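Structure at a glance
Chain by chain, the residues run as shown.
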Amino acid sequence: MLRVGSKAACIACRSLLPTNMGVRFRIPLQKLHPLSRAIHHRYSGNSNPHRPPHRTAARYFTSMSRLPMRPSKPPPGSGGHNYQQQRNFWVARLAARLLKLRYILLGTAVGGGYTAKKTYEEWKDMLPDFSEYNWVIPDFVWELSEQIDLDKLAKALPEMEEIAKLLPDFDKIGENFTFLKSLLSSGVSLGSEVKGAFGLHLLETSGDPALKATDSSTAASHDASDKQYKKSSDKEKVDQLQEELLRTQLKYQRMLERLEKENKELRKVVLQKDDKGIHQRKVKKSLIDMYSEVLDVLSDYDANYNTQDHLPRVVVVGDQSAGKTSVLEMIAQARIFPRGSGEMMTRSPVKVTLSEGPHHVAMFKDSGREFDLTKEEDLAALRREIELRMRKSVKEGQTVSSETISLSVKGPGIQRMVLVDLPGVISTVTTGMASDTKDTIFSISKAYMQNPNAIILCIQDGSVDAERSIVTDLVSQMDPHGKRTIFVLTKVDLAEKNLASPSRIQQIIEGKLFPMKALGYFAVVTGKGSSGESIDSIKDYEEEFFQSSRLLRDGMLKAHQVTTKNLSLAVSDCFWKMVRESVEQQADVFKASRFNLETEWKNNYPRLRELDRNELFEKAKNEILDEVISLSQVTPQHWEAILQKKLWERVSTHVIENIYLPAAQTMDSGTFNTTVDIKLKQWTDKQLPHKALEVAWETLQEEFARFMAEYKGKDQDDIFDKLKEAVKDEGIKRHKWNERALDSLRVIQHNALEDRSITDKPQWDAAIQFMEETLQSRLKDTESVIKDMVGPNWKQRWLNWQNRTPDQHIRNETKNELERLLKLHDDHTAYLANDEVTTVRKNLEGRGVEVDPVLIKDTWHQLYRRHFLQKALSHCNLCKRGFYYYQRHFVDAELECNDVVLFWRIQRMLVITANTLRQQLTNTEVRRMEKNVKEVLDDFGEDMEKKTHLITGRRVQLAEDLKKVREIQEKLEAFIEALHKEK
C-alpha cells in the first residue's frame, strides 16, 4: 500500500486517470507533498509564487509520471529563486529514474514469466502422448514407488569404484594387441631383441608376479634356446591374449545376462495384475494374439480362393529325431512336447503362438484350462494332452494327420512369434506305419513351405553325416534362393566330439557344405539327450559348452551364431519383418474375395439373409422343436381313434383265425365259451400287451412324421429336409417305451375281456355292427382268394379274352366237386375225412382230372371258410333282435348269440386299451420324445462334421465362405491398425 501524501501515491493515482476525467482528489492541500502541490496548482489554475519555473524539468517529470500537463511558463518576477529550482529539478530526476527502474523490473518479470510458460507449453506439445500406455503399469506400482525409501536404495547400489573394478583395462588390452599385431607382421624372422622386448612389454603391462618371474627367466635363457622354443613361446603369448579376450567377452556376456534376468523380473512385476482385484484393468489383446487368431480362423477356412497360406508363420522342418521339438522347447522355455526314444512323436502339425506375459502358462485354442509351466505335474498333463490330441487326429489306418493342433505359450522374456512344428521327414517306412506315411509327411511339409511368406526353420542334426540329410534337398526345392530360410545345426557338442575335422562344422555354418542357401546359420546345443533335463540346466550346459568350445575360441563360429537365445531373437525379427511386409497385401486379397462373394450372393439369393451353417441349424432346430410340441396339441379323440383302428388291424387276424373260428365250429354253447375264455387268457398273458405297445409306439412315430411333413408343406425351407429326417430317425431310435406300463396294461386288458355283461341295446347293436364289418371283410378276402385259385369265370373269359391256367382248371373242377358236397351236408365240419377226400379224387379222375389230396384239402379250407362266414353273417342278422333274450337269459338255439358277446368283449377291450395308451402317450411318451429330440439336436449341434453332412448346398457354402472372409478381413484390419500403432 502507498502512503497518502507521498510522491509515489500521488503520481500513481494521477497516472491512472485520463486527461478528460472530471474527478478531483478530496485531500487537503497542506497534506500533499510539495511536488504534488505544485502539480495541483498547475492543474487548478492557481498562480503560486513558488511554482517551479523550469520548463524542461516539468516536461520530463510529466512524461515519466504520465500526467497530462501543459508546458509550464515561468511567471514574471521568479528569477530570484534559482536555488529552489535546482533542488526541485534534482528531486524530480531522481524520482523518475527510480520509477523507471521499478517498471523495467516489473515488465521484465511479467514478460519472462509469459515467455517461460509459452516455452513450457511448446515443449509439452512436442512430447508424445503416453496416456494410452498407463494400463501397462498398474496403480499399485505407483503406490509402491511412493513407499520406497530412495536413500536406502541409493546406499544399496554399488559404488562407481566397484563397477570400475569389474571392467577390464582397455588400455592394457590395446597395447597388447598393438604389440601382437607388430609381432605377427614380422613373421618368423623376429630377432632376439624383439622377442625380448615382447616379454618385457608383458612384464610391464601385466600385474601377475608369476608371469613376471616366468618372463624374466625366459629373457635370461633366451640366447641359449633354439629356434623351436622361440616359436612355442610366441604361440603361448598369443594363446594367452586370446584367452584374455575370451574371458572379457564372457564376463560381459554374464553381466548382460544378469541385467536381462533383472529386467525380466521387473517386467513380470509390471505385467502382473493386482492379486486383490482392486486395481484390475482390462488388458488389451496383444499383437501376437491378434495375429494368431487370424491364423486360427484361416486354418478352419476351406474355400477355393487359396489365400490363407500366404500369411507368414515360422515352419519348423527337419529329419526325424534331428532335434526340431527340442529347439522349439528351448524357444518356448518349457518341455511341453511328448518325447520318445527314436520313435515318431510329432504326428500332426502343432501351431505354437509365443508371446510375453507375467506367468509362464500354456493353453489350447479350444480349451479354457491354463497349464502352469513352472509345475511339473502341469507339464506332464500338457504333454499327455498333446499326445492324446495327436492320436485322436490320426484317422484309422494312418500314421500322421494334417489336422493342426493350436497351442499358445506365454511367459516373461519369450519372443513373440508363431511357429508350426511339423512331423519329421523320414526316408523309410518302418513296420507299424502306413504305407503312404512318407508321402503324406512330404505333402504336409510342402503345403506349409510353399507359402511364399513362410519362414522355414530348417533343423539339421550335427551329430550325423551331412550327406544323410533329407530335409535340406526339400528346403532347397521350396526356397532355392534362401530368402526365407534359417538353418540351425543341432547337437553341436556331439558333432565337435565325433568329427575329426572341426572345420566341417564351419563349412556347414558358412553355407558351403550344403547346396541350400539361407538367411542365417546358427549352431545350438539342446541338452545331453536326457528327457528329464530342465530348460535351465540345458541353458547352463549350452553356455558352458560354447565357453570352452574351440569352435568359438578359434573363430570358426561367431558369437551371434550360437545359443538358442540368439536364434530366437533372429527368428522373431525375421518373422515380424515378414509380417509387416506382407500383411497389408493379404488384407487386400481378402477384401477382393469378400467383394466377389457378396456379389454372387446378391445375384443368386437377393431376398435371403446370409445365414451360415450354424445359424441355419439353429433355425431348423426351432422348427423341429415346434413340430414336436405340436404332438401335445393332438386331441384325445384323435389319439384313441387311431390307436383303436391300428390295434384291431394288428390283432384281427389272430382273433378270427385262432379264437373265433375254432370256437364257433364246436357247435356247442358251453364249449364255445370255454374255448374262447381259454384262448383269450393265453392271448392276454403273452401277446396282447406287447402288440398294444408296438401299436402305440408306431402311432407316435407316424404322428411325429405326419406333423413334420405338414410343416414341410407350409413354405418351409427344403434345405432342412435332410436334417429333419436324420433328427426324426435318431430321436425314434433313442426313444425307449416305458416297459413298466406293460404289467398294468395286461391287467386292464384282462379285466376288460372278463366282462360279458352288455348293459344296453346300443352296445348290443354296436357289437353286431362290429361283428358284421369284421365278417364281411373276411368274407371279401376269402372270395378274393378263391377267385385267384380258380381263375376268371366264363363272363370274364368271353369279354376280356382271358383263359385259365392248367392249375386253375384243376382247382376249378375241385371247387365244383366240393361245393356239391357242401350242398349235400350243410352242417359239415371244418375238415374233410380221408374217405371223403378219396371220393372227391376218384370223381375227378372219372372226369379226366388228376388231382393231389393236398390240393383238395387246401381248396376245401377256403370253400368251407366262405361257407362258414356266410352262415355267421346270416346268424348275425338274426341276433339283431336277440338282445331281449340275452337280457332275460332265455335259452333259444336259434338266438344263442355267444359270438356277438365275444365281439363285444373284443370291442370293449380295444376301447379301454386305446384309452390307456392315449393317456400314456400324452402324459409321458410325448414329453420323452421331445426330450430325446432336444438331445439329438444338441448332439448334432456340437458335431460340426454332422452339420456339414446334413446341411449342404451352394447357398450354405457361400454363406460360410462369406462369413469367414469377413471375419478374417476384420481381424486383419484390426491387427494392421495395432501394428501401425506399435510402429
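This section reports on the structure supplied with the text. Only a predicted model underlies this, so the values are computations on that prediction, with no experimental measurement involved.

All right, on to the overall build of the protein then. When its secondary structure is counted, the protein shows 36 helices and 9 strands. Here the protein, with 983 residues, has 41% of them falling under the buried criterion. In the protein, of all internal contacts separated by at least 6 residues, the share reaching a separation of at least 24 is 78%. Here the protein displays about 56400 Å² of accessible surface, and carbon together with sulfur accounts for 52% of that area.

The next thing to look at is the sheet that holds strand S8 (residues 485–490). Overall, mixed pairing links the 9 strands, which are arranged S4-S3-S5-S2-S6-S1-S7-S8-S9 in an open sheet. Across the chains shown, the open sheet's two edge strands, defined by having one partner strand only, are strand S4 (371–372) and strand S9 (520–523). Strands strand S1 (314–318), strand S2 (350–356), strand S5 (405–411), strand S6 (417–421), strand S7 (455–461) and S8 of the sheet are contacted by helix H13 (residues 324–332), whose axis makes an angle of about 160° with S6.

Turning next to the packing of helix H22 (residues 613–629) against helix H26 (residues 721–734). Relative to each other, H22 and H26 sit at 50°, their axes nearing to 11 Å. By the angle class used here, H22 and H26 are oblique. The two elements H22 and H26 meet at a crossing, and its hand is right-handed. On H26, the residues touching Phe617, Ala620, Glu623, Ile624 and Glu627 of H22 are Leu723, Lys724 and Val727. Classifying every residue of the contact of H22 with H26 gives 5 nonpolar, no polar and 3 charged.

A word on helix H30 (residues 806–824). Taking 1.5 Å of rise per residue, the 19 residues of H30 would be expected to cover 27 Å, and the 28 Å separating its terminal C-alpha atoms lies within 8% of that figure. Of the positions making up H30, those classed as buried are Gln808, Arg811, Asn812, Glu813, Thr814, Lys815, Glu817, Leu818, Leu821 and Leu822.

For the rest of this paragraph, the subject is the state of the cysteines. Taken as a whole, this structure holds 1 disulfide when the rule is applied. Between the sulfur atoms of Cys879 and its disulfide partner Cys897 the distance amounts to 2.0 Å. Here Cys879 and Cys897 share a disulfide; its torsion about the S-S bond, -100°, makes the bridge left-handed. Of this pair, Cys879 sits in the loop between helix H32 (853–878) and helix H33 (883–888) while Cys897 sits in the loop between H33 and helix H34 (898–942); the two residues are 18 residues apart in sequence, bridging distant segments of the chain.

We note that Lys491 has phi near 55°; this positive angle belongs to a residue other than glycine. Among the structural elements, Lys491 can be located in the loop between S8 and helix H17 (492–498). Lys491 sits in the partly exposed class, given a relative accessible area of 24%. If you check the backbone angles, Thr563 has positive phi at about 75° while not being a glycine.

Our focus in this paragraph is the side chain of Ser355. For Ser355, the location among the structural elements is in strand S2. Given the relative accessible area of 2%, Ser355 is considered buried. The contact partners of Ser355, leaving out residues within four places of it in the chain, are Ile288, Asp289, Val409, Lys410, Gly411, Ile414, Gln415 and Arg416.

In this structure, Ser445 sits in helix H15 (residues 437–449). With near-sequence residues (within four places) excluded, Ser445 lies in contact with Leu422, Val425 and Leu474.

Here the focus is the packing of helix H23 (residues 636–664) against helix H24 (residues 669–686). In the contact formed by H23 and H24, the axes pass within 8 Å of each other and the chain directions differ by 150°. Taken together, the axes of H23 and H24 lie roughly antiparallel to each other. As for how H23 packs across H24, the hand of that crossing is right-handed. Within the contact between the two elements, H23 uses Val651, His654, Val655, Asn658, Ile659, Tyr660, Pro662, Ala663 and Ala664 and H24 uses Phe672, Thr675, Val676, Lys679, Leu680 and Trp683.

In globular proteins that are soluble, nonpolar side chains generally tend to be buried together. Ranked by size, the top nonpolar core spans 97 residues in total, and within it Tyr660, Trp683, Ile906 and Val933 carry the most contacts. It is H34 that provides the largest number of residues to this core, a total of 17 residues. Once residues within four sequence positions are removed from consideration, Ile906 is found in contact with Trp648, Val655, Leu680, Trp683, Leu753 and Phe770. Counting residues in hydrophobic clusters, the runner-up holds 67 residues, among them Ile288, Phe522, Val571 and Ala587.

Mapped onto the elements, Thr675 comes out in helix H24. Residues Thr675 and Pro662, 13 residues apart in the sequence, show an inter-C-alpha distance of 8.0 Å. Residues within four places of Thr675 in sequence aside, it is in contact with Ala663 and Thr666.

The next thing to look at is the packing of aromatic side chains. We describe a pair of aromatic rings using the distance from one ring centre to the other and the angle between the two ring planes. All told, the structure shown has 15 aromatic pairs when counted by the stated rule. Ring centres 5.3 Å apart and planes at 65° place the aromatic pair Tyr660 and Phe903 in the edge-to-face group. With a gap of 243 residues between them, Tyr660 in helix H23 and Phe903 in helix H34 connect regions that are remote in the sequence. Relative accessible area serves as the criterion here: at 1%, Phe903 is assigned to the buried category. For the ring pair Tyr864 and Phe868, a centre distance of 6.5 Å and an interplane angle of 25° mean the geometry is stacked. Taken together, the positions of Tyr864 and Phe868, both in helix H32 and 4 residues apart, correspond to about one turn of that helix. In this structure Phe868 comes out as buried when scored by relative accessible area, which is 9%.

Definitions and limits used
- Residues numbered from 1 in each chain as written.
- Predicted model: local features only at pLDDT ≥ 70, side-chain atom pairs only at ≥ 80, totals over all residues.
- Heavy atoms only, no water.
- Helix = DSSP H or I, 4+ residues; strand = E, 2+ residues; numbered from the N terminus.
- Buried < 20%, exposed > 50% of the residue type's maximum accessible area, 1.4 Å probe, protein only.
- Contact = heavy atoms within 4.5 Å.
- Areas by Shrake-Rupley, 256 points an atom, 1.4 Å probe, with all protein chains shown as cover.
- Pairing = 2+ DSSP bridges.
- Axes fitted to C-alpha atoms, helices over the stretch in contact; angles between N-to-C directions.
- Parallel < 35°, antiparallel > 145°, perpendicular 65-115°, else oblique.
- Left-handed = near helix turned anticlockwise from the far one by under 90°.
- Nonpolar A, V, L, I, M, F, W, Y, C, P; charged D, E, K, R; others polar.
- Expected span 1.5 Å × (residues − 1).
- Disulfide = S-S within 2.5 Å.
- Core = buried A, V, L, I, M, F, W, Y, C linked by side-chain atoms within 4.5 Å.
- Phe/Tyr/Trp six-rings, centres within 6.5 Å; stacked < 30°, edge-to-face > 60°.

Read these as layout, nothing more, since geometry by itself doesn't imply function.
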